[in-house]
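# Per-entry structural report
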Amino acid sequence: MERILSLFPPNDCWLLAVIIGLPLLGAVSNGIFGKRVGKEAVSLMALSSVAVSFLGSLIAVALLSAQTGERAARLVWTGWSWLTVSGRSGGGPVPIEVAFSVDALSGAMALIVTGVGFLIHLYSTKYMEHDQGYHRYFAYLNLFIFSMLVLILGHNLPVLFLGWEGVGLCSYLLIGFWFGEERNAQAGKKAFITNRIGDFGLLVAMALLVYYLGALDWDRIEAGRKNLLVPVQLWPVGNTVPIADYLGADLAKWLNTPRYVNAATLVGLALFLGCAGKSAQIPLYVWLPDAMAGPTPVSALIHAATMVTAGVYLVCRMAGVFVLSPAAMLTVALVGAVTAVLAATIAFVQNDIKKVLAYSTVSQLGYMFLGVGVGAFAAGFFHVITHAFFKACLFLGAGSVIHALHARIHDTDASQDMRNMGGLRRYLPYTFWTFVAAWAAIVGLPLTSGFFSKDEILFRAFTSTVKSPVEGGVLRGDEAQIQLFQWPSWAPQLLYALGLAGAIMTAFYMTRLTVGIFAGEFRGWTVVKRWKDSAPEHHQHPADSGHLEGPIPQESPWQMTAPLVVLGGLSIVGGLLNAHAFFHYAPLDHWLEPVFASAATGIAAVSSAEHYEETLLALAFGAFVVGVGGAYWAYMMHAGRPARALAERMPGLHRLVYDKWRIDELYEATVLGAVDSLAEAAVWFDKWVVDFFVARVTSAVVAFSGYVLRQLQTGRVQAYATIMVLGLGGVGWYLTTPHASAATSSDDGAGHYSISASAGLGYHYRWDVDGDGNWDSEDFGDQASASLNLKVDEKRQVRLAVKNAFGRVSVRGIDLYRPKPDLSAAPAPAELERAVRAIQGARGDPQGARGGPPGGVLPLGTARAGVPGAQPGAQP
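Bear in mind that the values here come from a model prediction, so they are computed numbers and not experimental data.

The helix and strand inventory of the protein stands at 31 helices and 16 strands. In terms of overall size, the protein is more extended than a compact globule, its C-alpha atoms giving a radius of gyration of 42 Å where 876 residues would be expected to give roughly 29 Å. Burial statistics for the protein: of 876 residues in total, 49% are counted as buried. When the accessible surface of the protein is totalled, it reaches about 41100 Å², and 62% of it is carbon and sulfur. Each charge sign in the protein was given a centre, from 61 positive and 63 negative side chains, and these centres are 4 Å apart.

Following this line, the structure appears as structure tokens:
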């Protein structure tokens with residue numbers, strides 16, 4: 001071990017580059033050369049790259065176990081300095097490096113991604129062997145593993161975001177892999193666009209962290225996270241609400257009242273928006289069921305080991321930030337619990353086996369968020385691990401069933417409809433027993449992995465609460481203090497009730513699925529021994545399955561059954577990683593304890609929590625019995641008649657649930673409808689404003705101008721001569737016309753104005769300066785200027801008449817006005833004296849009247865009414 005430690009030093013562990021880089025190498029190789037080298041070479045490259053990455057992850061985890069010291073074990077590898085962003089004013093720049101690290105959390109996640117990912121790669125070699133896009137499929141699959149490893153091993157949020165976007169791209173490519181069918185292409189686009197909504201939240205969270213912490217890497221975020229405990233004014237956005245003054249005094253006061261929130265709450269909610277998109281929580285869960293459009297191994301990879309667990313991983317990674325906001329934590333827990341129940345109700349009535357499993361994934365993800373939302377980060381992450389085992393096994397088992405039905409049923413929908421199955425237990429023994437093992441885990445059969453992980457989440461949901469991050473719950477800032485949100489006393493009971501209801505429903509619909517596939521008589525076709533397909537092009541419709549003959553359904557090849565056996569076994573024994581119930585044995589908790597040490601200080605247990613253990617354990621077992629027993633009674637003992645009768649009694653409710661509560665239709669009518677309306681408005685604007693007015697009208701004006709100009713360019717000398725004569729006549733007319741133009745200069749302070757008339761050929765002038773309507777002289781003279789004085793606030797029109805050498809006369813009126821002096825600003829001493837004189841002159845007061853100084857001029861510093869500095873009540 002010491003030799004390995006010396007080869008991979010903790011601060012420069014280039015092993016991480018190998019773990020991440022090998023799947024990328026496989027993706028590039030298969031993408032470029034795969035079509036030329038053949039399927040065997042493609043399989044070898046895809047499998048070996050992920051297998052070696054898994055071995056590297058094992059070595060990294062071993063290196064972590066060998067580290068000692070007070071700090072949590074971590075291996076770091078820094079590639080290069082990427083960029084620098086500007087932080088808060090005075091906070092300095094924030095460097096961003098392409099760096100990767102592995103600790104207890106990311107190490108365990110890397111093992112799941114590469115280990116389960118390898119099994120899915122192996123399974124795919126047979127499942128996809130006849131597909132024409134074989135090399136393209138494995139290139140995408142390797143790229144998916146690479147992106148997920150970048151996400152979980154990134155040492156800062158920007159690098160994590162690269163992997164975050166990478167898995168989004170790969171989901172688009174793999175969900176729409178068979179893009180020849182429109183619905184598959186639409187499903188890929190739906191997943192991609194829905195995830196972009198969540199990604200906006202993650203970008204906002206990074207911007208807030210840069211502003212308040214000046215950090216984006218895990219170490220500095222953890223070190224400075226308490227700086228998020230500051231009040232932030234959330235409303236109004238500016239100083240006031242613009243329309244508040246028009247709504248009445250009381251309403252204006254209410255609207256303009258500042259409202260504050262904890263900065264940690266803003267960061268936590270923004271992060272959770274990103275997590276809700278990636279991990280399919282309300283309201284962004286709608287993309288995940290449609291992800292079934294891709295090949296079944298893709299569904300297993302997305303639902304079990306990679307993309308959908310990224311949101312839970314991010315909450316665990318940022319646990320120290322989330323616990324600073326009880327409001328954000330309750331939001332995470334409540335959304336998770338409601339999602340678990342809502343998705344379970346939809347899974348009740350689905351007949352497509354992949355859709356049942358898809359809504360099961362949404363529901364189980366809700367359990368994970370319920371766990372991390374109540375502060376049970378290790379329990380929530382433990383459910384990520386157990387879910388990877390049993391959900392991958394379930395999806396791959398469903399793929400094995402679909403593979404068997406494709407021997408006779410070539411229609412995609414029909415081959416996935418459980419109404420065309422039944423009785424497959426005797427034909428597909430390996431698939432049956434491994435599927436049952438995964439079923440036992442997900443429904444919570446005691447001592448299976450799912451039982452231990454789900455029981456711990458339910459126990460912690462009932463017995464945990466999030467403490468206030470500040471004493472007394474009052475957060476004080478420089479500008480305000482706020483009362484932080486406190487968890488209500490009813491929150492643990494509500495969360496537990498929702499979780500328990502979800503557990504009962506999970507046990508019911510998963511038992512219904514298992515019975516529908518494997519129990520009873522086979523309904524796919526009439527089995528005929530030594531049957532030969534005489535019409536291989538025939539495609540069966542679900543309605544005619546009873547009139548179809550076919551061969552004995554065959555078990556899948558070993559490349560498909562071997563992953564099922566491994567995952568089925570892990571579904572049973574994986575619970576030993578954290579067997580709190582019964583055994584109080586929790587090595588995973590101890591392994592993750594250093595990662596969640598700071599976050600654990602923000603979580604408190606309710607009083608006497610240990611006394612609830614046996615009661616809650618009995619209730620968890622009761623949920624298993626009620627759910628499984630109810631499904632067994634309805635679908636085994638009565639062949640589904642009670643369910644059909646209930647659907648007939650409440651056809652409206654049944655159709656509503658079958659239509660997935662019509663949430664997609666709601667989005668179609670609201671969000672998508674608004675986008676469509678905006679697009680239609682843009683089309684109208686483009687058609688009538690841009691195309692018609694800007695393009696057509698402008699071109700018409702240019703064309704008309706060209707037409708007019710073309711009429712002038714006739715090429716006839718007579719026409720040009722005529723135009724020249726007309727032009728000369730116009731110039732002559734202008735020159736023989738007098739122009740009574742004048743320039744005015746004014747001194748408003750002194751009231752003195754002067755007017756200067758312009759000169760011209762033989763110009764003579766006469767004036768009406770006093771504005772009485774009569775000319776000051778009867779004859780025109782050489783006086784080209786005039787001067788006059790005006791009183792304050794006096795208006796006058798001065799007339800000017802100009803006669804030129806041709807005896808033609810032009811008259812113009814010139815309006816003059818002397819404004820009142822502006823006394824709002826402190827004037828200079830000379831201006832002050834003139835202003836006082838002006839005021840007195842306007843009133844007709846003699847200078848020096850009423851005891852004023854000689855000459856009517858105030859000495860500097862004397863206060864007068866109407867003058868800056870005047871004392872109240874002073875006599876003007």
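Before going further, it helps to examine the nonpolar core. Ile152, Leu157, Trp287, Met318 and Leu424 are the most contacted members of the largest nonpolar core, which totals 217 residues. Here the element with the most residues in this core is helix H17 (residues 377-405); it accounts for 20 residues. Every residue in contact with isoleucine 152, bar those within four places of it in the chain, is listed here: Ser106, Met109, Ala110, Val113 and Tyr313. Counting 16 residues, the second largest nonpolar core, distinct from the first, contains Ala757, Val802, Ile814 and Leu816.

This part covers the environment of alanine 631. Here alanine 631 is to be found in helix H25 (residues 613-637). For the pair alanine 631 and methionine 510, spaced 121 residues apart in sequence, the C-alpha to C-alpha distance is 8.7 Å. Leaving out residues up to four positions away in the same chain, alanine 631 has contacts with Phe508, Thr511, Arg512 and Met636.

For the rest of this paragraph, the subject is the packing of aromatic side chains. Following the criterion strictly, the structure yields 28 aromatic pairs and no others. Taking 4.9 Å as the distance between ring centres and 90 degrees as the angle between the ring planes, the aromatic pair formed by phenylalanine 522 and tryptophan 525 counts as edge-to-face. Among the aromatic residues, those joined into a cluster by ring pairs are Tyr134, Tyr137, Phe138, Tyr140, Phe177 and Trp178. Looking at lysine 39, its charged tip hangs above the ring of tyrosine 134, at a distance of 5.4 Å from the centre. In this structure, lysine 454 is placed above the aromatic ring of tyrosine 367, and the distance from its NZ or CZ to the ring centre is 5.3 Å.

It is worth spelling out the side chain of serine 360 at this point. By secondary structure assignment, the location of serine 360 is in helix H16 (residues 353-373). Judged by relative accessible area, serine 360 falls into the buried class, the value being 0%.

Going from tryptophan 235 to proline 236, the amide bond is cis rather than trans, its omega being -5 degrees. Mapped onto the elements, proline 236 comes out in the loop between strand E3 (231-235) and helix H9 (249-256). A cis amide bond links isoleucine 282 to the next residue, proline 283, at an omega of 5 degrees. Among the secondary structure elements, proline 283 is positioned in the loop between helix H10 (263-278) and helix H11 (287-290). Its identity is not glycine, yet histidine 584 carries a phi of approximately 50 degrees, on the positive side.

This paragraph deals with a nonpolar patch on the surface. A cluster of nonpolar residues, Trp684, Phe685, Trp688, Val690, Phe692, Phe693, Val694, Val697 and Val701, forms a patch on the protein surface that exposes about 840 Å² of accessible area. Mapping valine 701 onto the fold places it in helix H29 (residues 671-712).

Before going further, it helps to spend a moment on empty space enclosed by the protein. To find leftover empty space, one rolls a probe the size of a water molecule over the atoms. Per the stated rule, a full pass over the model turns up three cavities of 30 Å³ or more. One number sums up the size of the largest cavity: a volume of about 80 Å³. Around the largest cavity sit Val443, Gly444, Phe451, Lys454, Asp455, Leu458, Ala503, Ala620, Ala623 and Phe624, which together line it. Listing elements by their share of the lining of the largest cavity, those giving two or more residues are helix H20 (449-463) and H25. Per-element accounting of the lining of the largest cavity gives the leading share, four residues, to H20. Residue classes in the lining of the largest cavity are distributed as seven nonpolar, one polar and two charged.

A rise of 1.5 Å per residue sets the reference length of H29, with its 42 residues, at 62 Å; its end C-alpha atoms lie 59 Å apart and thus fit the reference within 8%. At phenylalanine 692, H29 shows its largest kink, close to 40 degrees.

Here three strands make up an open sheet; going across it, the order is E11-E12-E14 and the pairing antiparallel. Looking at the sheet topology across the chains shown, the edges are occupied by strand E11 (742-747) and strand E14 (785-789). In this sheet, adjacent strand axes meet at a mean angle of 15 degrees when their direction is disregarded. Two strands pair when backbone bridges link them, and E11 and strand E12 (residues 752-757) are joined in this way by six bridges, in the antiparallel orientation. For aspartate 747, the partnering residue across the bridge sits in E12 and is histidine 752.

Here we come to the pairing of strand E16 (residues 809-817). Sheet topology places strand E15 (residues 795-803) next to E16; nine bridges connect them, and they run antiparallel. Note on E16: the bridge partner recorded for lysine 795 is tyrosine 817.

The subject of this paragraph is the sheet that holds E16. One open sheet holds the three strands; their spatial order is E13-E15-E16, and the pairing between them is antiparallel. Edge positions in the sheet fall to strand E13 (764-768) and E16, since each of these pairs with one other strand and no more. Taken over all neighbouring pairs, the strand axes of this sheet differ in orientation by 20 degrees on average, direction set aside.

Scanning all chains against the criterion turns up 18 salt bridges. The shortest N-O distance in the salt bridge between lysine 126 and glutamate 129 comes to 3.2 Å. Residue glutamate 129 is classed as partly exposed on the basis of its relative accessible area of 25%. Among the salt bridges present, the one from arginine 799 reaches aspartate 768, with a minimum N-O distance of 3.4 Å. Here arginine 799, found in strand E15, pairs with aspartate 768, found in strand E13; they are 31 residues apart in sequence, far enough to count as distant. Here aspartate 768 falls in the buried class, since its relative accessible area comes to 1%. One connected set of salt bridges, linked through shared partners, spans Arg74, Asp103, Asp219 and Arg317.

We now examine helix H22 (residues 558-573). Helix length check: H22 (16 residues) gives 22 Å between terminal C-alpha atoms against 22 Å at 1.5 Å per residue, within 8%. When we look at burial in H22, the residues that qualify are Gln559, Met560, Thr561, Pro563, Leu564, Leu567, Gly568 and Ser571. For H22, the elements touching its buried residues are helix H4 (104-127), H17, helix H19 (429-443) and H20.

In this section: the packing of H4 against helix H5 (residues 134-153). When two helices pack together, their arrangement is given by the angle between the helix axes and by the axis-to-axis distance. Relative orientation of the contacting elements H4 and H5 amounts to 175 degrees, with a least axis distance of 10 Å. Of the possible angle classes, the one that applies to H4 and H5 is roughly antiparallel. Between H4 and H5, the contacting residues are Ser106, Met109, Ala110, Val113, Thr114, Gly117, His121, Ser124 and Thr125 on the first element and Tyr134, Tyr137, Phe138, Leu141, Asn142, Ile145, Met148, Leu149, Ile152 and Leu153 on the second. Class assignment of the residues belonging to the contact of H4 with H5 gives a composition of twelve nonpolar, seven polar and no charged.

Look at H20 against H25: their axes get within 10 Å of each other, and the N-to-C directions meet at 130 degrees. It follows from the interaxial angle that H20 and H25 lie oblique. Between H20 and H25 lies a crossing of right-handed hand. For the pair formed by H20 and H25, the contact residues are Phe451, Asp455, Phe459, Phe462 and Thr463 on the first element and Glu613, Leu616, Leu617 and Ala620 on the second. Of the residues contributing to the contact of H20 with H25, the split by class is six nonpolar, one polar and two charged.

Do not read the fine detail of predicted coordinates wherever pLDDT is low. For the protein, mean pLDDT is 87; residues scoring 70 or higher make up 91% of the total. For the protein, helix H31 (residues 829-843) is the element with the lowest average pLDDT, namely 57, and H19 is the one with the highest, namely 96. Below a pLDDT of 50 lies the segment residues 537-545, which in the model reaches 16 contacts outside its immediate sequence neighbourhood of four places, other chains included. Taken together, the stretch residues 846-876 has pLDDT below 50 and engages in 39 contacts with residues farther than four places along the chain or on a different chain.

Relative to the elements of secondary structure, glutamine 132 occurs in the loop between H4 and H5. On the accessibility criterion, glutamine 132 (80% relative accessible area) is exposed. The spatial distance from the C-alpha of glutamine 132 to the C-alpha of lysine 687 is 44 Å, given a sequence separation of 555 residues.

About the criteria used
Residues numbered from 1 in each chain as written. Predicted model: local features only at pLDDT ≥ 70, side-chain atom pairs only at ≥ 80, totals over all residues. Heavy atoms only, no water. Helix = DSSP H or I, 4+ residues; strand = E, 2+ residues; numbered from the N terminus. Rg over C-alpha atoms; globule rule 2.2 N^0.38 Å. Buried < 20%, exposed > 50% of the residue type's maximum accessible area, 1.4 Å probe, protein only. Areas by Shrake-Rupley, 256 points an atom, 1.4 Å probe, with all protein chains shown as cover. Lys, Arg positive; Asp, Glu negative; His and termini not counted. Charge placed at Lys NZ, Arg CZ, Asp CG, Glu CD. Core = buried A, V, L, I, M, F, W, Y, C linked by side-chain atoms within 4.5 Å. Contact = heavy atoms within 4.5 Å. Phe/Tyr/Trp six-rings, centres within 6.5 Å; stacked < 30°, edge-to-face > 60°. Lys NZ or Arg CZ within 6 Å of the ring centre and 35° of its normal. Patch = residues over 30% accessible without salt bridge, like charges linked within 9 Å, V, L, I, M, F, W, Y side chains within 5 Å. Salt bridge = Lys/Arg side-chain N within 4 Å of Asp/Glu carboxyl O. 1 Å grid on protein atoms, 1.4 Å probe; cavity = no way out; pocket = protein on both sides within 12 Å on 5 of 7 lines; lining within 4 Å. Points joined across faces, edges and corners; volume = space filled by probe spheres on them. Nonpolar A, V, L, I, M, F, W, Y, C, P; charged D, E, K, R; others polar. Expected span 1.5 Å × (residues − 1). Bend = angle between axes of the 7 residues up to and from the residue. Pairing = 2+ DSSP bridges. Axes fitted to C-alpha atoms, helices over the stretch in contact; angles between N-to-C directions. Parallel < 35°, antiparallel > 145°, perpendicular 65-115°, else oblique. Left-handed = near helix turned anticlockwise from the far one by under 90°. pLDDT = per-residue confidence, 0-100.

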